[in-house]
Amino acid sequence: DTEVTQTPKHLVMGMTNKKSLKCEQHMGHRAMYWYKQKAKKPPELMFVYSYEKLSINESVPSRFSPECPNSSLLNLHLHALQPEDSALYLCASSQDSSNSPLHFGNGTRLTVT
Amino acid sequence: GENVEQHPSTLSVQEGDSAVIKCTYSDSASNYFPWYKQELGKGPQLIIDIRSNVGEKKDQRIAVTLNKTAKHFSLHITETQPEDSAVYFCAASTDYGQNFVFGPGTRLSVLP
């Protein structure tokens, strides 16, 4: 089992819905990440939080809104998504913002109808 | 920016044989190279990593080699087992920023 926990495992939402993805880690890591992964593709970076501050936003549309309430939690708020946003959303954490290994959760499989 | 290529895209081996996956990178400033294994329905899991001050690292049946001059690194799996079947991603990153660039992945199938 992974030490990064993501909920829910699966989510189906309509284009007018608002939903949130949640991620939690208790390894004392100070950097947390959101990645998007489409089928048969590598993970693509969306956001990086370092010491609870947003440090990287890879030009992600504003319908995705990240939040880092504390060093153990990371949320991704979703609003007015499009069908092409359907993907596996992966959360990861690392010890700090330098070259330390990423620890991934098992993801939330999102389907937008 | 960094570009990571990975070959082959698919690889089938007989159980007990060795498997080798190769990656090349473009940014000479890259100095950390992890390998991830992703099984169906799961997130990527780190299996081994190497930093630029080391040429080779081994962990039981898995080894990684790095050639900084040629800018390529390889994953070697010996005595493959069916549970090694998965998608493997290489990645590269630098000291500045925190953005791992992943290769496109290799789907490894170990046939019993």
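The structure reproduced in this document is the subject of the present report. Please read these numbers as outputs of a predicted model, since none were measured by experiment.

## Quick look at the overall build of chain A
Then comes step 1: Summing up its helical and strand segments, chain A has 0 helices and 11 strands in all.
Then comes step 2: If you list the helices and strands of chain A from N to C, you get β-β-β-β-β-β-β-β-β-β-β.
Then comes step 3: In terms of C-alpha radius of gyration, chain A reaches 13 Å, essentially the compact-globule figure of 13 Å for 113 residues.
Then comes step 4: The principal-axis extents of the C-alpha atoms in chain A amount to approximately 35 × 30 × 25 Å.
Then comes step 5: The buried share of chain A, taken over its 113 residues, is 48%.
Then comes step 6: When contacts within chain A are restricted to residue pairs at least 6 apart in sequence, long-range pairs at least 24 apart make up 54% of them.
Then comes step 7: Surface accessibility of chain A: about 5,500 Å² in total, with carbon and sulfur atoms responsible for 48%.

## A look at the overall build of chain B
Then comes step 1: Scanning chain B from terminus to terminus reveals 0 helices and 11 strands.
Then comes step 2: Going from N to C terminus, chain B has its helices and strands arranged as β-β-β-β-β-β-β-β-β-β-β.
Then comes step 3: Relative to the globule expectation of 13 Å for 112 residues, the C-alpha radius of gyration of chain B, 13 Å, shows essentially globular dimensions.
Then comes step 4: For chain B, the accessible area works out to roughly 5,400 Å², and carbon and sulfur atoms hold 48% of it.

## Here we look at empty space enclosed by the protein
Taking a probe equal in size to a water molecule and rolling it over the atoms shows the remaining empty space.
Residues and elements named next belong to chain A.
Then comes step 1: Overall, the coordinates contain 1 cavity of 30 Å³ or more when judged by the stated rule.
Then comes step 2: Lining the largest cavity are Arg-30, Ala-31, Met-32, Tyr-49, Glu-52, Cys-68 and Ser-71.
Then comes step 3: Taken together, the residues of the lining of the largest cavity break down into 4 nonpolar, 1 polar and 2 charged.

## As for the side chain of Thr-108 of chain A
Then comes step 1: For Thr-108 of chain A, the position within the fold is in strand β11 (residues 108-112).
Then comes step 2: When neighbours within four sequence positions are excluded, Thr-108 of chain A is seen to be in contact with Gln-6, Thr-7, Pro-8, Lys-9, Leu-11, Leu-21, Ala-87, Leu-88 and Tyr-89 of chain A.

## Observations concerning the pairing of strand β5 (residues 44-50) of chain A
Residue and element names in this part refer to chain A.
Then comes step 1: Among the 7 residues that make up β5, 6 are buried, leaving the element largely enclosed by the rest of the structure.
Then comes step 2: Both strand β4 (residues 31-37) and β5 contribute to a ladder of 6 bridges, which runs antiparallel. Paired with Trp-34 across the strands is Phe-47, a residue of β5.
Then comes step 3: Two successive antiparallel strands, β4 and β5, enclose a turn made up of 6 residues, where Lys-40 displays a positive phi of approximately 60 degrees.
Then comes step 4: In the sheet, β5 pairs with strand β6 (residues 53-57) via 4 bridges, with the strands oriented antiparallel.

## What about the state of the cysteines?
Then comes step 1: Counted according to the given criterion, the structure contains 2 disulfides over all chains.
Then comes step 2: The disulfide that involves Cys-23 of chain A links it to Cys-91 of chain A, with 1.9 Å between the sulfurs. Between Cys-23 of chain A and Cys-91 of chain A the sulfur-sulfur dihedral comes to about -70 degrees; the bridge is accordingly left-handed. Highlighted residues: Cys-23 of chain A in strand β3 (residues 18-25) and Cys-91 of chain A in strand β9 (residues 87-94), separated in sequence by 68 residues.
Then comes step 3: Cys-91 of chain A gets classed as buried once you look at its relative accessible area, which sits at 0%.
Then comes step 4: Disulfide pairing is shown between Cys-23 of chain B and Cys-90 of chain B; the S-S distance is 1.9 Å. Disulfide Cys-23 of chain B-Cys-90 of chain B: the torsion about the S-S bond is -100 degrees, which places it as left-handed. Taken together, the positions of Cys-23 of chain B in strand β3 (residues 19-25) and Cys-90 of chain B in strand β9 (residues 86-92) put the pair 67 residues apart, joining distant regions of the chain.
Then comes step 5: With no disulfide of its own, Cys-68 of chain A lies closest to Cys-91 of chain A among cysteine sulfurs, the gap being 9.2 Å.
Then comes step 6: On the basis of relative accessibility, which here comes to 14%, the residue Cys-68 of chain A falls in the buried class.

What counts and what doesn't
Residues numbered from 1 in each chain as written. Chains lettered and ligands numbered in written order. Predicted model: local features only at pLDDT ≥ 70, side-chain atom pairs only at ≥ 80, totals over all residues. Heavy atoms only, no water. Helix = DSSP H or I, 4+ residues; strand = E, 2+ residues; numbered from the N terminus. Rg over C-alpha atoms; globule rule 2.2 N^0.38 Å. Buried < 20%, exposed > 50% of the residue type's maximum accessible area, 1.4 Å probe, protein only. Contact = heavy atoms within 4.5 Å. Areas by Shrake-Rupley, 256 points an atom, 1.4 Å probe, with all protein chains shown as cover. 1 Å grid on protein atoms, 1.4 Å probe; cavity = no way out; pocket = protein on both sides within 12 Å on 5 of 7 lines; lining within 4 Å. Points joined across faces, edges and corners; volume = space filled by probe spheres on them. Nonpolar A, V, L, I, M, F, W, Y, C, P; charged D, E, K, R; others polar. Pairing = 2+ DSSP bridges. Disulfide = S-S within 2.5 Å.

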